[in-house]
Amino acid sequence: MKLSTALARLPFDRKRSNEKNSRQISKLEHVLTAKVVSTFAGHALACAFAFAGLCAAPAASAQDYPTKPIRWIIPYNPGGATDASARILQIAIEQNKLLPQPIAAVNVGGAGGSIGARQVKDAPPDGYTILIHQSAMLIQEAAGLNDFGYKDFEPVISINRQCMVAGVSETGPYKSYKELMDAIVAKPRSIVWGGNIGSANHMAVAVMEKASPGADFKKVQLGGAAESYAGIKGNIITLGNFGVGEIVAFRGGGLRPLAVLGEKRDPAIADVPTARELGYDAVFCNEHNLYAPKGTPKERIAVLVEAFKKALATETVQKEFREKLGMTMEVRTGDELKQQLAGELERLRPMTAGMKN
Amino acid sequence: MEGFLSASLAVVSPGTLPFLVGGTALGVLLGAIPGVTGAMGIALLLPLTFYMTVNNALTLMVSMYVGAIAGGLVTAILLRIPGEPSSIVTTFDGNPMARKGQPGKALGYAVGASLFGGLVSWAALVALTYPLSEIAVRLRPFDLLALVMMALVLIAALGQGSIIKGLISGLLGILVSMPGTDPSAGNLRLTFGIHDLDAGFSTLAVLIGAYAVAQVMSDLIEVERKVETVETTMGSMWISMREWKAQWWNLIRSSVIGTWVGIMPGIGATVGSLVSYTVAKTSSKTPEKFGTGHPDGIVASECGNNATVGGALVPLIAMGIPGSVTDVFLLAALVIHGLQPGPLLFNQHPEIVYVIFAACLISHFVLFVIMTAGIRYLIKLMTVPVWYLFPIILLFCLIGAFADNNRVFDVLIMLCFAVVGFCMEKTGFSLGAFVIGFVLGPITEKSLRAGLTLSDGSYLDIFMHPISGTCMVLSAAMFVWSLRSQHRINKLAAQGGEAAA
Amino acid sequence: MSKALKDSGVILAIMLASALVYWDSLKLKAGVYDPLGSGTMPRIVAVTIIVLSIVALFQTFFGAPPPVLKAPGELEEEDFERRPWLAVAVSAYLVGCLVLLYLKLPFGPSSSLFLFLSSITIKRFEKASLLPSAALSLAVGFGLTYLFGGLFGVDLP
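Predicted, not measured: the structure shown is a model, and the values here were computed from it.

(A) Structural view of the overall build of chain A. Regarding its fold elements, chain A presents 13 helices and 9 strands. Burial analysis of chain A (357 residues in total) assigns 57% to the buried set.

(B) A look at the overall build of chain C. Regarding its fold elements, chain C presents 5 helices and 0 strands. Shown N-terminal to C-terminal, the secondary structure of chain C runs as helices and strands in the order α-α-α-α-α. Within the span of chain C, comprising 157 residues, buried residues form 35% of the whole. By sequence separation, contacts in chain C at least 24 residues apart represent 52% of the contacts at least 6 residues apart.

(C) Spotlight on the environment of Pro442(B). Residue and element names in this part refer to chain B. Among the structural elements, Pro-442 can be located in helix 18 (residues 431-454). Put simply, Pro-442 and Phe-368 are 74 residues apart on the chain and 39 Å apart in space, counted from C-alpha to C-alpha. Residue contacts for Pro-442: discarding those within four places in its chain leaves Ser-177 and Pro-183.

(D) Broad picture of the pairing of strand 6 (residues 218-221) of chain A. Residues and elements named next belong to chain A. Summarising the sheet, strand 5 (residues 192-195) and strand 6 pair through 4 bridges and their orientation is parallel. Looking at the pairing, Trp-193 lines up with Lys-219 of strand 6. Where the polypeptide runs from strand 5 across helix 8 (residues 200-211) and back to strand 6, its parallel neighbour, the crossover connection is right-handed.

(E) Representation of helix 4 (residues 54-78) of chain B within the structure. The end-to-end C-alpha distance of helix 4 of chain B, which contains 25 residues, comes to 37 Å, matching closely the 36 Å that a straight helix rising 1.5 Å per residue would cover. Extensive coverage of helix 4 of chain B is indicated by the burial of 25 of its 25 residues.

(F) Summary view of the confidence of the model for chain C. All names here are of chain C. Mean pLDDT for chain C: 80, with 80% of residues reaching 70 or above. Across chain C, the element-wise mean pLDDT spans from 79 in helix 5 (residues 127-151) up to 91 in helix 1 (residues 3-25). Complex prediction metrics read pTM 0.80 and ipTM 0.88.

(G) Unusual backbone geometry, seen in detail. Residues and elements named next belong to chain B. Its identity is not glycine, yet Asp-456 carries a phi of approximately 55°, on the positive side. Among the secondary structure elements, Asp-456 is positioned in the loop between helix 18 and helix 19 (461-464). Judged by the 10 C-beta atoms lying within 10 Å of it, Asp-456 falls in the exposed class.

(H) Seen up close, the domain arrangement of chain C. Per the domain assignment, the segments making up chain C are domain 1 (3-62) and domain 2 (84-151). One C-alpha centre belongs to domain 1 of chain C, the other to domain 2 of chain C, and the line joining them spans 39 Å.

(I) Focus on helix 9 (residues 225-233) of chain A. With 9 of its 9 residues buried, helix 9 of chain A lies for the most part within the structure. Among the residues making up helix 9 of chain A, those that are buried are Ala225(A), Ala226(A), Glu227(A), Ser228(A), Tyr229(A), Ala230(A), Gly231(A), Ile232(A) and Lys233(A).

(J) Examining the packing of helix 13 (residues 325-336) of chain B against helix 18 of chain B more closely. Residue and element names in this part refer to chain B. Close contact between helix 13 and helix 18 brings their axes to 9 Å; oriented N to C, the two are set at 30°. Taken together, helix 13 and helix 18 sit at an angle that is classed as roughly parallel. Crossing of helix 13 against helix 18: the hand is left-handed. Here helix 13 contributes Val-325, Val-328 and Leu-331 to the contact with helix 18, which in turn contributes Gly-432, Val-435, Ile-436 and Val-439. Residues of the contact of helix 13 with helix 18, tallied by class, amount to 6 nonpolar, 1 polar and no charged.

(K) Layout of the pairing of strand 9 (residues 285-293) of chain A. Residue and element names in this part refer to chain A. Within strand 9, 9 of the 9 residues are buried, leaving the element largely enclosed by the surrounding structure. Bridge analysis of strand 3 (residues 129-134) against strand 9 gives 4 bridges, and the strand direction is antiparallel. Bridge pairing in strand 9 links Gln-134 to His-288. In this sheet, strand 9 lies alongside strand 4 (residues 153-169) in antiparallel orientation, the contact comprising 9 bridges. Pairing of Pro-155 across the sheet is with Tyr-291, part of strand 9.

(L) Geometry of the environment of Val106(A). Its place among the elements puts Val106(A) in strand 2 (residues 103-107). With 10 residues separating them in the primary sequence, Val106(A) and Gly116(A) have C-alpha atoms 9.3 Å apart.

(M) Spatial organisation of the environment of Gln318(A). All names here are of chain A. Here Gln-318 shows up in helix 12 (residues 315-325). Residue class for Gln-318 comes out partly exposed when judged on the 16 C-beta atoms lying within 10 Å of it. Note: C-alpha distance between Gln-318 and Lys-151 (167 residues apart in sequence) is 29 Å.

(N) Focus on the packing of helix 8 (residues 163-176) of chain B against helix 18 of chain B. Residues and elements named next belong to chain B. The N-to-C vectors of helix 8 and helix 18 enclose an angle of 50°; their axes lie 6 Å apart at closest approach. Between helix 8 and helix 18, the interaxial angle falls into the category oblique. The handedness of the crossing between helix 8 and helix 18 comes out as right-handed. Together, Gly-166, Ser-169, Gly-170, Leu-171, Leu-172, Gly-173, Ile-174 and Val-176 of helix 8 and Ala-433, Phe-434, Val-435, Ile-436, Gly-437, Phe-438, Gly-441 and Thr-444 of helix 18 make up the contact between the two elements. Residue composition of the contact of helix 8 with helix 18, grouped by class: 9 nonpolar, 7 polar and no charged.

(O) Representation of the confidence of the model for chain A. Residue and element names in this part refer to chain A. When pLDDT is averaged across chain A, the result is 77; 80% of the residues are at 70 or more. Averaged over each element, pLDDT in chain A is lowest for helix 1 (residues 2-8) (36) and highest for helix 7 (residues 177-186) (93). This model gives residues 1-62 a pLDDT under 50, and the stretch forms 107 contacts once residues within four places in sequence are excluded.

Rules of the game
Residues numbered from 1 in each chain as written. Chains lettered and ligands numbered in written order. Predicted model: local features only at pLDDT ≥ 70, side-chain atom pairs only at ≥ 80, totals over all residues. Helix = DSSP H or I, 4+ residues; strand = E, 2+ residues; numbered from the N terminus. Buried ≥ 20, exposed ≤ 12 C-beta atoms within 10 Å, placed from the backbone. Contact = placed C-beta atoms within 7 Å. Pairing = 2+ DSSP bridges. Right-handed = clockwise from strand over helix to strand, strands pointing away. Expected span 1.5 Å × (residues − 1). pLDDT = per-residue confidence, 0-100. Domains from an automatic or database assignment. Axes fitted to C-alpha atoms, helices over the stretch in contact; angles between N-to-C directions. Parallel < 35°, antiparallel > 145°, perpendicular 65-115°, else oblique. Left-handed = near helix turned anticlockwise from the far one by under 90°. Nonpolar A, V, L, I, M, F, W, Y, C, P; charged D, E, K, R; others polar.

Structure representation (structure tokens):
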């Protein structure tokens, strides 16, 4: 619930981006349903069953995959960054005909993405059910909130990432990252942080605390980025953590970004320094990755990797990720992706202590 | 202003206008059918809006809301059966007037008053929402908590039946919102080991089950109820300017009362028309005429209930607190489209707010046209038996509950809550309080916990700040008052009814 | 069953449910970040409900029944037959329809069957109503399938 609500409130320009997006989606749906309807008309009942996923997958080989639409579970509600990322990719794959069969994106929101993720985990590993998920899965695993983790899936490809930014009020007393951290180290629990406990922005403040020994913010559960922003505006909290896309959206409205918690500066807010530049080793980026159920045949994973790689390389996807969502991309697949996930999990584990009650 | 103009243009654009006109017409139709309320219709249309643009979805729902409240007046006047609960008071004077051979005139008064009340409350909506949302951004968690508690006490105190049962219903709603992932700490609770409950009860499944399915079930039991038709020869609906002039003070007073009642969180159109009617009666020089087909009674009631629509949208948009049961469904629709009603809505998506404003205004005019032009046909429809609608509505419910998350489990939840809702309704527990408690539950808990974190665990803090302190004192006073003079409003209503009978 | 008996039955059920919630929430420990944790709020609500339920129970037997807002003339006209079994039957059909869907029978036929059964039950299996009911059910059942599946893109069961 937490992450989904947080992301559902991501403030990208709905009028401009989302409506166009949804128009595209509905167009796509017409194509999709037309296909489905023709399948129903053309074949007997058995085929309809196959569509419903009842028939067992035929022998695994790259040539005969995919022979039916792929169900892509988005474990969050429409309107958030995860949903938008998936929809943009889905349209790109459809338009460039990168797969012979359509991808049907289905939102199964709730419980910070665990509901949808669990559905995919328990789905038959035939390559016809895939999942987009974000770093929340690692946090939930590290904190022990879920009884499954990324190892219960077959990581396919990394999609995009967005580094977190520490933000305070423009009219408040803290003008630099150093001032803020010095103040909190000098007097622990004197400054209030507001956000979503157990989610990406909580992880970000945990990383900040770790980089400045002795720092301890008073943490208040407010909700997603929009609530943190409202809290800063209403002077209820002092510090909040936001994604780059959110900073771009809120910046004119009284929010001052202090530092990017990334390896390097983000082109969208190039004037904001990274915490590392300022001498604090605080890095946390939220990443979207594509997963398939554990045991999905390698050949089929390869087909998916191929199609998504091409889609990620298209100009429209790059442009929309960058401009609409404030996301950057680093394509990783296979063992490289697995290693990175394992490393991130171990890095986060000590900081999630106490996230589960 | 510019934003509002462009939103108005968007609402009357060829792509959206059908939704506006269709929504209003459908609202009138459903409002006119006894046993099928507008809130239910909106609940059933919710799943359809998943795949519409936000503009179309909101236009459709707001115009249905406006249409439904007015639709109830037709059967209330002609058949003495309120099509909507909010039209009960209209039967007091509307039906006697129709029986006296002036059905056209009664309808004319009612339709005109609806338009007037709607417009006044629309003006209030536009004028108040922005300032209120500016204040609401600065509300501390405890302020919000106190406001929500006041809303719950209010709906229990002014709803029908016992205040104790009203409070139990509201609290039960809060309790039902709790299983699943705790939104504040992220851990699972109260799921009893069922993983399908990890996200809690699906909002749509609970709302549709408790509200729509339960209602259809009780309608089915009473399917043999005969509609007592009143032979009416439609006279002219024309009300002269001179006759309206005699009503001007009544119109303004009832509109203001209706708007104010609408703004109060949790109570809706029924109370709005009831209070307007009571005030009109007590301040009248000829109170004995009320209940005998007095135009003042019709005007007060219809003006009062339509004025609540605009008023009830104010707390919904500005604070995310639904002003009535119908607003609960509007809230759900907004959330489905990734929009959280609340103080930030105006900041982040002003265009959405303007679309709501525009739809609310324009649909009132569309409503007026539909009612004046189509009322004859609407009357014919009243005599058509509606029993075959019930299974279709149930099918809609099934699809709606399923479509929320594409899970069969949610359909089962819907059926369970249908049983719960049915039992509660039959034993005098208010379902309105239940669904409002259900959508307010998460806010209540979040504000309590965030507030306690901020105050380092001190509950006293809630009385120390002006807004939260005032709200707490008001809720306590209201609780004591309604315990003492229990069901005062209902008694007044009963007296009105007796006078009319 | 008398009204008081019905009322107290529902009140007792509510108390039982609240007690269950109270018992289950005892497992939840206090929070790290906030003083309450996940369990306190459910406990507060459950206890309040139980306390109020006791008052309500008391009122059921000793209090005066609250006047109910009704349209005039609606009061005594109860001269029609109530059919509680109809609601039960239609609910059963709905569950049956769900089972059919669960067995992967497509939505069109299952919903048509549901509509047909419900409508003829409402009409007390009159012969004259069989044919029109069947036609209507098929039309609406498959029409809805098209409406939702085709036009609105709902992923039907």
